[in-house]
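# An overview of the molecular structure
Each chain, letter by letter, is given below.
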Amino acid sequence: MKLIRSIFIGLVLLFFCSTLHAQYRVDTWTTDNGLPQNSITGLTQTPDQYLWLTTNDGLVRFDGNRFKVFNRSNTPQITTNRLSAAFAEKSGRLWFQAEDGGILYYERGTFRIVTKPGELPSTLRSAFFDDPNGGVIFNLNRQPYHLQNEKFVSLNIKDLPPDCPLILTDRDGGLWFSGDDRLYSFKQGQLKTYSLKNIFNGRDSQVAYEDRAGNVWVGFFAHDQMSLIRIKGDTIQQVKLPQQAVTHFAEDSNGNLWLSIYSKGLYRIRQSVVVADAVPENALEPVMEISGISTTASGYLEFDREGGLWLGTEKGLNRIAPRTIRVLSRKDGLQEDNVYPIFGDSAGRIWSGIWPNNLVKYEQGNFKTFISPETVFVTSLFEDSRGRLWFGTLGNLYYLENEKPVEFTLQSGLPKGTEFSAITETRDGALWFGTSNGLSRYLNGAASVYTVQQGLPDNYVIALLQTRDGKLWVGTRGGLAAVENGGIKSFTTANGLASNSIRSLYEDAEGVLWIGSYDGGLTRMKDGKFFVYTMRDGLSSNGVFCILEDKNGWLWMNSNQGIYRVRRSELNDLADGKIKSLNSIPYNKQDGLLNVEGNGGRQPAGMISKDGELWFPTAEGIAVVDPNAVIANQLPPPVLVEEVTIDRNTVSNDVLQPAIAQQSEIVLAPGQNNLEIGYTALSFISSSQLKFKYKLENLESDWNEVGTRRTAYYSYLPGEYVFHVIAANRDGIWNEQGATIKVRVNPAFYQTRWFFLLIGLVIASVIALIYFLRGRQLKAKAAQQQEFARQLIDSQELERGRIAAELHDGLSQTLSIIKNRAMLSLAKHHDQDHALEQLREISEASTEAIDEVKEIIYDLRPIQLDRLGLTGAIEDMAEKIAEINDLKLMKSVTDINDLLPRQAENSCYRIVQESLNNIVKHSGATTIELSIAKSQTEIKISIKDDGAGFEIDRVKDNRKKIGFGLVGMGERAKLLGGQTFIESTRGVGTTVSITLPIEKSVPPSR
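The numbers attached to residues start from 1 for each chain and follow its sequence in the written order. In keeping with the predicted nature of the model, local features appear solely for residues at pLDDT of at least 70, side-chain atom pairs appear and are counted solely at 80 or more, and the whole-chain, interface and lining totals rest on all residues. Neither water nor hydrogens contribute to the side-chain values; these are computed over all heavy atoms in the structure.

Turning next to the sheet that holds strand β36 (residues 397-401). Strand pairing is defined by DSSP finding a minimum of two bridges between the two strands. Think of it this way: any DSSP run of H or I at least four residues long counts as a helix, any run of E at least two long counts as a strand, and we number them from the N terminus. Spatial strand order, β34-β35-β36-β37: four strands in an open sheet with antiparallel pairing. With partners counted over all chains shown, the strands left at the sheet margins are β34 (378-383) and β37 (404-407), one partner each. Going across the sheet, the axis of each strand differs from the next one's by a mean of 30 degrees, ignoring polarity. Across three bridges, strand β35 (residues 389-393) lies against β36 in antiparallel orientation. Pairing of glycine 392 across the sheet is with leucine 397, part of β36. Think of each axis as a best-fit line through the C-alpha atoms, taken over the contacting stretch in the case of a helix, with angles from 0 to 180 degrees between the N-to-C directions.

Below, the structure is given as structure tokens:
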């Protein structure tokens, strides 16, 4: 009976072990992954969520992705690389011991030596424990020492026997000690004794743990004597051990107690047992074997906040976590691992084609393998409406009858060796076979084939799907096709597909068609329009070998990079422009896959079982996912700035840590341009897949989405900035607060505001100087031109005056004498007809000559100016013009004689003359209004008519139309220092206003 009982217990333990082992995965890190040495001598997690390890070759910090090693070469305080007993006290300080006797702690980037080598004996030291009064306690030669004034001194407790080491500090601040056959607890100044007689008589090694229910668990080990007890209140209960000693304890979030057993592995005591009054004899459930578990100091077993259990061993670092994916492989009964098509029939059985030569049925947890010449390279599986299981191979087509392969010949003209890669049945009862040589339809004994000649984009058919609207969709290696009413319509990348190499087809509940490709990503076809999703949009892979949708709206896809999922609603939101990227969640070896390479191209390339599990074929077994058991990690990862580098020089911790604590800032001196900021986030679930975004506030308004990169690079202008980095875990939960650090870049002198202000003033001064010099040059040139014009006019006037005087005094007098003598002769010889006729002609010619000379004299120098003065000359001219041209003249004249120089009077007269002549020639006016006025400083003359008027702008734009009359008037006025203004409106008339300065002030006119 005892033998049978032992065998039964062994089988139960084996069952529990294999079952529990299947539920968990183990990730291992060794020197191959970056550890400096494989023997883990201490393990702890600090409040900032870093995992710290002591090894025989240095202190190690781990963020789940990278190891940072501290040793003699980079940390002067570490005198030997052989370290142990990593421990994080409540304040967050990290303690560890050195083999040479030194005791150190690390806090906010700074290492400090508390005990130097040789100050205390280095033998028989224990791990650290929290001191209820602050600091830590450890045992030295079985005597507890605690920290006082930054020195370790012996801890003396009244009535506690000597040689009793501390084994536990409980949650109430009580201290537990181990003695000969006894345990002692010291709380609130009271020492309590627990007798262990008949349980354990040794005293060599003890580990203890208090669970959240208040139980104290103590494991003893001495030579061949091992024991585990639970103290619940005043009750002591013994727990049976599997021939080895407990080395470490840990408790998960559900209250289950985990134990590591030396040389055995991990065991578990369920929460229901933990809180029960009595502990059953076989309370320990084996979970998995772990080799290399040490018997030295506790602290090697630790749960992180995400549910992972960390175990340090002599062979590396391990993390044990629940499996998301379980894989059925050779160990589960498969004869081969390379799985291709997989199909679930109506009876709930699961069929798969295992290459090279197996057809496998999975039923009630067991595999049945069919091996025959017919089952070589199974490429497709399908159950028709009659319940027959069809399967295609690389050359033949079969169905099962009484689980025996029956070959079926289509007689459709397909060549020998045709691969049957997909099979389906449409609602009309027709069977469709996708092959390497076209699409074949079989109904009522008749078969037909569709190829590129009938409209297929390619003859190699990969996937088939009939949608609710009756269309049969065909995925090929050259594109997509829709078969409807005997016609075929093809689609390729030219129409918007992600890729022509189609791998999978799926229709969702809304009638949207989803198309997976081999290497181009995923395509959505909605309302006849395509939208493409790729890794640029956040997909985990551009391979989509199958598409399965769970009840929660997640689309699951398989690829050469593993299995991944994305919410269908997110895919639609991206297509509708509501979001900018996808949160695709990948699953790989860390989640339980034995090989991330998924298989596709033979249908079905994935399936959903009747209980809702998702089955995927891979290159190493069948991957099974229970989507209802997949728990998203809702904990946003803590984000930390780890390192700052300026021009490749690392900023010291004395500067970095205050900046991280927002007590100061990182300062770049003038000339320092290249800034690198190293950051990380602490999630131990697929740490390499954490995503980051950062920006430099005051310089950048948008986030830089950098994926998994953990370094920011900047080279920029001076200023004050705040570097802000945030991170998301594998499930897309973002830590929006993230981490920040202030950065100030001091400018060089040539980058300061004062420098730019000075440069601005210099530039402005130069511009002003250039403007001034240019203005003076232009003024001088204008003055020269004006003086030249004045001199020219003066010389013209002088010349005209000289000519006029000579004509008047010379030629005009001579002609007058001729005329008078002719008249005199005419008077004397009036009786001589011929002579009279000659004298008369002489007289008339002389008269004409005199008149012409007078006109010339008038044009050269108006005689009226000298006879009548400027005022009278203007009036006389206006009256004569009005009289000759039958115009009405209205005058308002003030005396302006002697107010202008002689030459200026002539110019003023000519201006008025030109204005009156323009009225006569161009205006067609009936009335002229002449106004002459004066003030103390200027003369104002206005000539207004009621003529036709004109458009001034058009006249100004076309100088040829006005000749030089108006221009001459303006030039003359300008030379006199005055101005000419012209106002004119078509059909109303024109007004010419002339203002001339008076050189000497005169009383204004009354």
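Let us keep going from here.
Our focus in this paragraph is the pairing of strand β38 (residues 420-425). The buried fraction of β38 amounts to six of the six residues, a majority that puts the element mostly inside the structure. In terms of strand pairing, β38 meets strand β39 (residues 431-435) through five bridges, oriented antiparallel. Across the sheet, residue glutamate 425 finds its bridge partner in β39, namely leucine 431. Two successive antiparallel strands, β38 and β39, enclose a turn made up of five residues, where glycine 429 displays a positive phi of approximately 90 degrees. Exposure categories follow from relative accessible area, calculated using a 1.4 Å probe and restricted to protein chains: below 20% of the type maximum is buried, above 50% is exposed, and the middle band is partly exposed.

On to the layout of surface pockets. The distinction between a cavity and a pocket rests on a 1 Å grid over the protein atoms alone: a 1.4 Å probe fits inside a cavity but cannot get out, while a pocket stays open yet meets protein on both sides within 12 Å along at least five of seven lines, and a residue with an atom within 4 Å of a point counts as lining. Grid points are joined across faces, edges and corners, and a volume is the space filled by probe spheres set on the points. In this structure, the second largest pocket encloses a volume near 1300 Å³. Lining the second largest pocket we find 47 residues, and of these Arg61, Tyr106, Gly109, Asn653 and Gln657 sit closest to its centre. Of all the secondary structure elements, the ones that give two or more residues to the lining of the second largest pocket are β5 (67-70), β8 (103-107), β9 (110-115), β57 (639-646), α4 (653-660) and β60 (674-681). Here the nonpolar group is Ala, Val, Leu, Ile, Met, Phe, Trp, Tyr, Cys and Pro; Asp, Glu, Lys and Arg are the charged ones; every other residue, Gly included, is treated as polar. A class-by-class count of the residues in the lining of the second largest pocket yields 19 nonpolar, 16 polar and 12 charged.

So, about helix α3 (residues 568-575). Of all eight residues in α3, six are buried, a share of seventy percent or more. For α3, the complete set of buried residues consists of Arg568, Glu570, Leu571, Asn572, Leu574 and Ala575. Throughout, a residue-residue contact means that at least one pair of heavy atoms, one from each residue, lies within 4.5 Å. Elements that come into contact with the buried residues of α3 comprise β47 (513-517), β48 (522-526), β49 (529-533), β50 (547-549), β51 (554-559) and β52 (562-567). Where α3 terminates, the next one or two residues include glycine 577, which has phi positive at roughly 80 degrees.

The term salt bridge refers to a pairing of a side-chain nitrogen on Lys or Arg with a carboxyl oxygen on Asp or Glu at a separation within 4 Å. Tallied over the entire structure, the rule returns 39 salt bridges. The shortest N-O distance in the salt bridge between lysine 361 and glutamate 363 comes to 3.5 Å. A residue is classified by how much of its surface remains accessible, and lysine 361, at 8% relative accessible area, is buried. Judged by relative accessible area, which is 34%, glutamate 363 ranks as partly exposed. A salt bridge links glutamate 419 to arginine 602, with the shortest nitrogen-to-oxygen separation between them at 3.0 Å. Here glutamate 419, found in the loop between β37 and β38, pairs with arginine 602, found in the loop between β53 (585-587) and β54 (607-608); they are 183 residues apart in sequence, far enough to count as distant. With a relative accessible area of 5%, glutamate 419 lands in the buried category. Through salt bridges with shared partners, a single network forms among Glu89, Arg93, Arg112 and Glu150.

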